[in-house]
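Architecture and fold: a report
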Amino acid sequence: MPGGPVQTPRWQQAYGADYHYTGRTNTALPVPPVLEPLREWVRQSIDPRLNALLLNWYDGPGHYIGPHHDSTKDMVPDSPIVTLSFGETRVFRLTRGRGGEKELRDFEASNGVVFVLPFATNLAWKHAVPKSARYCGRRISVTLRAFTSGGVDEVVEEIAQNHSTTC
Ligand SMILES: O=C(O)CCC(=O)C(=O)O
Ligand SMILES: [Fe+2]
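Labelled according to an unreviewed UniProt entry, the protein chain appears under the name 2OG-Fe(II) oxygenase, originating from Fimbriiglobus ruber.

This is the structure in C-alpha cells:
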C-alpha cells in the first residue's frame, strides 16, 4: 500500500530527527533521558555533529535488516554513522559488488561493541544484520547520525517553544 504502514522485520524507533529509509519515514520522538548519556558519550568521543538516534530491536530468529545503504538525505556530508550494540551477539555484515565479484566482511556485534561506519564506506558498501535460526535472544542497536536539519537541538527548541508560557 503506497504510503501506508509497512511491516518491518524488527522494532524500530527514531529519536531527535525523523529517519528516512527506502521511501518511508520513521517519525521521531524527543530523545528520552535514558538515551542522553549514550548520545553525549558518542558526541564527545566520536563526533559532536551526531544529533539523531535510531533504535532497532531484534527479537529472535525472524528479525533482521537486509543489505542496504543508509539514506544520506539531510545527512551532514562526511559524517560517520555510529552503531552501539547491546544484548545478543549478531553478525554485522558489509557487502560490496555482485555475483562472483561479491565481497563480504562479517563483524561480531556483541554487547557493548561500537562500530563507526565512515560516510564513504556507507556509500561503497551495503550493511546488514542477517537473520539466523540460531538467534533466540534480543539485540538492541542504537545508531547515531548527523542530520543537517531537524536534529535534536531543534526538537528540544521546538518543545521549549510549545511549552513556554507568556506569564
Ligand atoms: O542494527 C544495526 O546494527 C544496523 C541498523 C541499520 O542498519 C539501520 O538502522 O539502518
Ligand atoms: Fe543501516
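Comments concerning the overall build of the protein chain
Scanning the protein chain from terminus to terminus reveals three helices and eleven strands. Buried residues in the protein chain amount to 40% of all 167 residues. Sequence separation of at least 24 residues holds for 75% of the intrachain contacts in the protein chain that already meet a minimum separation of 6. On the protein chain, roughly 9500 Å² of surface is accessible, and the fraction owed to carbon and sulfur atoms is 55%.

A closer look at the site of ligand 1
Looking at ligand 1, there are 14 residues lining it, with Asn-56, Tyr-58, His-127, Arg-139 and Ser-141 nearest. A distance of 2.6 Å separates an oxygen atom of ligand 1 from a polar atom in the side chain of Tyr-58. Taking His-127, its side chain carries an N or O atom lying 3.0 Å from an oxygen atom of ligand 1. One can see that ligand 1 is located within the largest pocket. At the level of elements, strand S4 (52-59), strand S5 (65-68), strand S10 (126-129) and strand S11 (138-145) are the ones that each hand at least two residues to the shell around ligand 1. In terms of residue class, the shell around ligand 1 is built from six nonpolar, five polar and three charged.

Quick notes on helix H1 (residues 36-45)
Residues of H1 that are buried include every one of Arg-39, Val-42 and Arg-43, and no others. An end-on view of H1 places all buried positions within 100° of arc, on one side of the element. Exposed residues pointing more than 90 degrees away from the buried face of H1 are listed as Pro-37 and Gln-44.

Structural notes on the coordination of the iron ion (ligand 2)
Looking at the iron ion (ligand 2), one finds its protein donor set to be His-68 (NE2), Asp-70 (OD) and His-127 (NE2), positioned 2.0 to 2.1 Å from the metal centre. In the primary sequence, the donor residues of the iron ion (ligand 2) line up as H-x1-D-x56-H.

What to know about the pattern of salt bridges
Taken as a whole and assessed by the stated rule, the structure comprises ten salt bridges. When the shortest N-O distance is used, the salt bridge between Asp-47 and Arg-49 registers 2.9 Å. Look at Asp-47 and you get buried, because its relative accessible area is 9%. The salt bridge partner of Asp-59 is Arg-138, with a shortest N-O separation of 2.9 Å. Residue Asp-59 is found in strand S4, and its partner Arg-138 is found in strand S11; the two are separated by 79 residues along the sequence. Residue classification places Asp-59 among the partly exposed positions, given a relative accessible area of 27%. Arg-138 gets classed as partly exposed once you look at its relative accessible area, which sits at 43%.

Description of the sheet that holds S5
Pairing is antiparallel across the open sheet formed by four strands, whose spatial order is S5-S10-S7-S8. Here the strands that pair on one side only, and so sit at the sheet edges, are S5 and strand S8 (103-109). On average, each strand axis in the sheet is tilted by 20° relative to the strand beside it, whichever way the strands run. Examined bridge by bridge, strand S7 (residues 90-96) and S10 share three bridges and lie antiparallel to one another. In the sheet register, Arg-93 faces S10, and the bridge partner there is Ala-128.

Rules used in this analysis
- Residues numbered from 1 in each chain as written.
- Chains lettered and ligands numbered in written order.
- Predicted model: local features only at pLDDT ≥ 70, side-chain atom pairs only at ≥ 80, totals over all residues.
- Heavy atoms only, no water.
- Helix = DSSP H or I, 4+ residues; strand = E, 2+ residues; numbered from the N terminus.
- Buried < 20%, exposed > 50% of the residue type's maximum accessible area, 1.4 Å probe, protein only.
- Contact = heavy atoms within 4.5 Å.
- Areas by Shrake-Rupley, 256 points an atom, 1.4 Å probe, with all protein chains shown as cover.
- Near = heavy atom within 4 Å.
- Polar contact = N/O pair within 3.5 Å; in protein donor to acceptor, adjacent residues only side chain to side chain.
- 1 Å grid on protein atoms, 1.4 Å probe; cavity = no way out; pocket = protein on both sides within 12 Å on 5 of 7 lines; lining within 4 Å.
- Sits in = over half its atoms within 2 Å of the grid points.
- Nonpolar A, V, L, I, M, F, W, Y, C, P; charged D, E, K, R; others polar.
- Arc of directions from axis to C-beta.
- Donors = N, O, S within 2.8 Å, 3.2 Å for Na, K, Ca; no water.
- Salt bridge = Lys/Arg side-chain N within 4 Å of Asp/Glu carboxyl O.
- Pairing = 2+ DSSP bridges.
- Axes fitted to C-alpha atoms, helices over the stretch in contact; angles between N-to-C directions.

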